[in-house]
Amino acid sequence: DELGFGVIGLEENQTTDFIVYPNPFSNRITIEGAVLSMHPTIYITDLQGRKIYELSIENQINKFTIDLSEFANGLYHLNIQDNKGNIVKTNIIKN
């Protein structure tokens, strides 16, 4: 299963699309899309809003896999903020 999302950048009216798969996941998620080429910061929060994972991507890439095997089963919020301040969000489920 995979989910695709996008956001419209307010300044440039540019769509930033990405997909996250698999979702639900067991150990790893893969993020793929144009948003990764914009040197984003990826962060994951729990349902209480506590940031439990953060990574800044400095290289220009279009696909990235994150090992989340240490996470407890449950629902998390995945946020990707590009270098222009646009934020795309989705939920991910660990099972």
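Since the structure is predicted, the reported quantities are computational estimates derived from the model, not experimental observations.

What counts and how
- Residues numbered from 1 in each chain as written.
- Predicted model: local features only at pLDDT ≥ 70, side-chain atom pairs only at ≥ 80, totals over all residues.
- Heavy atoms only, no water.
- Helix = DSSP H or I, 4+ residues; strand = E, 2+ residues; numbered from the N terminus.
- Buried < 20%, exposed > 50% of the residue type's maximum accessible area, 1.4 Å probe, protein only.
- Contact = heavy atoms within 4.5 Å.
- Phe/Tyr/Trp six-rings, centres within 6.5 Å; stacked < 30°, edge-to-face > 60°.
- Lys NZ or Arg CZ within 6 Å of the ring centre and 35° of its normal.

A. Up close: the overall build of the protein chain. Counting secondary structure elements, the protein chain contains 0 helices and 8 strands. The order of α-helices and β-strands along the protein chain, N terminus first, is β-β-β-β-β-β-β-β. Per-residue burial over the protein chain gives 35% buried out of 95 residues.

B. Highlighting the environment of Asn-73. Note that Asn-73 resides in the loop between β6 (63-67) and β7 (74-81). Spatially, the C-alpha atom of Asn-73 lies 9.4 Å from that of Phe-25, the residues being 48 residues apart in sequence. Apart from residues lying up to four places away in sequence, Asn-73 is in contact with Lys-94 and Asn-95.

C. Here's a closer look at the packing of aromatic side chains. What the rule picks out here adds up to 1 aromatic pair. Against the face of Tyr-43 rests Lys-51, its NZ or CZ located 4.7 Å from the ring centre.

D. Spotlight on unusual backbone geometry. Residue Pro-22 is reached from Tyr-21 by a cis peptide bond, and omega for that bond is -15°. Inspection of the secondary structure assignment puts Pro-22 in the loop between β2 (15-21) and β3 (28-33). Pro-24 follows Asn-23 through a cis peptide bond whose omega is 10°. Secondary-structure assignment places Pro-24 in the loop between β2 and β3. One non-glycine residue with positive phi stands out, namely His-39, at about 50°. Residue placement: His-39 occurs in the loop between β3 and β4 (41-45). On the basis of relative accessibility, which here comes to 35%, the residue His-39 falls in the partly exposed class.

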